[in-house]
Amino acid sequence: MSETAEDRVFRALADPTRRTLLDKLYRQDGLTLVALCDGLDMTRQAVSQHMSQLVAADLVTVLKGGRERLHFLNPGPIQEVSAD
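Residues numbered from 1 in each chain as written. Predicted model: local features only at pLDDT ≥ 70, side-chain atom pairs only at ≥ 80, totals over all residues. Heavy atoms only, no water.

**Re the overall build of the protein**
Helix and strand counts for the protein come out as 5 helices and 2 strands. When the helices and strands of the protein are listed from N to C terminus, the series reads α-α-α-α-β-β-α. Across its three principal directions, the C-alpha atoms of the protein cover 35 × 25 × 25 Å. Considering the protein as a whole, with its 84 residues, one finds that 27% of them fall into the buried category. Counting contacts in the protein only where the partners sit at least 6 residues apart, residues at least 24 apart contribute 50% of the total. Carbon and sulfur atoms provide 49% of the accessible area of the protein, an area that totals close to 5600 Å². Separation of charge centres in the protein, based on 10 positive and 12 negative side chains, amounts to 8 Å. (Helix = DSSP H or I, 4+ residues; strand = E, 2+ residues; numbered from the N terminus. Buried < 20%, exposed > 50% of the residue type's maximum accessible area, 1.4 Å probe, protein only. Contact = heavy atoms within 4.5 Å. Areas by Shrake-Rupley, 256 points an atom, 1.4 Å probe, with all protein chains shown as cover. Lys, Arg positive; Asp, Glu negative; His and termini not counted. Charge placed at Lys NZ, Arg CZ, Asp CG, Glu CD.)

**So, the side chain of K24**
With respect to the helices, strands and loops of the structure, K24 is situated in helix α2 (residues 16-27). Although K24 lies buried, it forms no salt bridge, and the closest oppositely charged side chain, D38, sits 5.6 Å away as judged by the N-O distance. Setting aside chain neighbours within four positions, we find K24 in contact with L31, A35, L36, C37, D38, G39 and L40. (Salt bridge = Lys/Arg side-chain N within 4 Å of Asp/Glu carboxyl O.)

**Here's the deal with the pairing of strand β1 (residues 60-65)**
Relative to strand β2 (residues 68-73), β1 is paired through 6 bridges, and the arrangement is antiparallel. In the sheet register, K64 faces β2, and the bridge partner there is R69. Where β1 folds back on β2, the antiparallel hairpin that results is connected by 2 residues, among which G66 adopts a positive phi of roughly 70°. (Pairing = 2+ DSSP bridges.)

**A closer look at the nonpolar core**
One finds L36, M51, L54 and L59 to be the most contacted residues of the largest nonpolar core, which totals 15 residues. Listed by contribution, the elements that provide at least two residues to this core are α1 (5-13), α2, α3 (33-37) and α4 (44-56). Discounting residues that sit within four places of it in the chain, L54 has contacts with A12, R18, L21, L22, L59 and V60. (Core = buried A, V, L, I, M, F, W, Y, C linked by side-chain atoms within 4.5 Å.)

**Quick notes on the layout of surface pockets**
Taking a probe equal in size to a water molecule and rolling it over the atoms shows the remaining empty space. Approximately 240 Å³ is the volume attributed to the largest pocket. Along the wall of the largest pocket there are 13 residues; nearest its centre are T32, L33, S48, R69 and H71. Elements represented by at least two residues in the lining of the largest pocket include exactly α3, α4 and β2. Considering each element in turn, the lining of the largest pocket owes the most residues, 5 residues, to α4. (1 Å grid on protein atoms, 1.4 Å probe; cavity = no way out; pocket = protein on both sides within 12 Å on 5 of 7 lines; lining within 4 Å. Points joined across faces, edges and corners; volume = space filled by probe spheres on them.)

**Side note on the environment of L36**
With respect to the secondary-structure elements, L36 resides in helix α3. Given the relative accessible area of 0%, L36 is considered buried. The residues contacting L36, other than those within four sequence positions of it, are L21, K24, L25, L31, V47, M51 and H71.

**Concerning the environment of N74**
Mapped onto the elements, N74 comes out in the loop between β2 and α5 (76-83). When the C-alpha positions of N74 and L54 are compared, they lie 9.7 Å apart, and in sequence the two are 20 residues distant. Of note is the side chain of N74, whose polar atom sits 2.8 Å from the backbone oxygen of D58. (Polar contact = N/O pair within 3.5 Å; in protein donor to acceptor, adjacent residues only side chain to side chain.)

So far we have only geometry, and geometry alone does not tell us how the molecule works.
So, in C-alpha cells, the structure goes:
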C-alpha cells in the first residue's frame, strides 16, 4: 500500500515536537534551524530529522539564502485535509 500525501500530513502532525516546530513557524516565518532549536531540549540533529518529515509532508518549505536555510510554514496541506 503506497503512502498518500494525506498520510504524510497526518503522520507529521501526530508528533507533538513537530507541532511545536510548526507553531514556532506560525508565530515567526523564515527561521533558521538554530532558531527553531531555541527553547527545545533536543539536539540540532533531532530537530533536523523532525524538519525533514515536515518538509516531506510539504508542511514546511526551505529556502536557501547563502549559508543559511530558512524554513517557512506551508499551510496548504493542512487546509486540504481539513476540507475533506
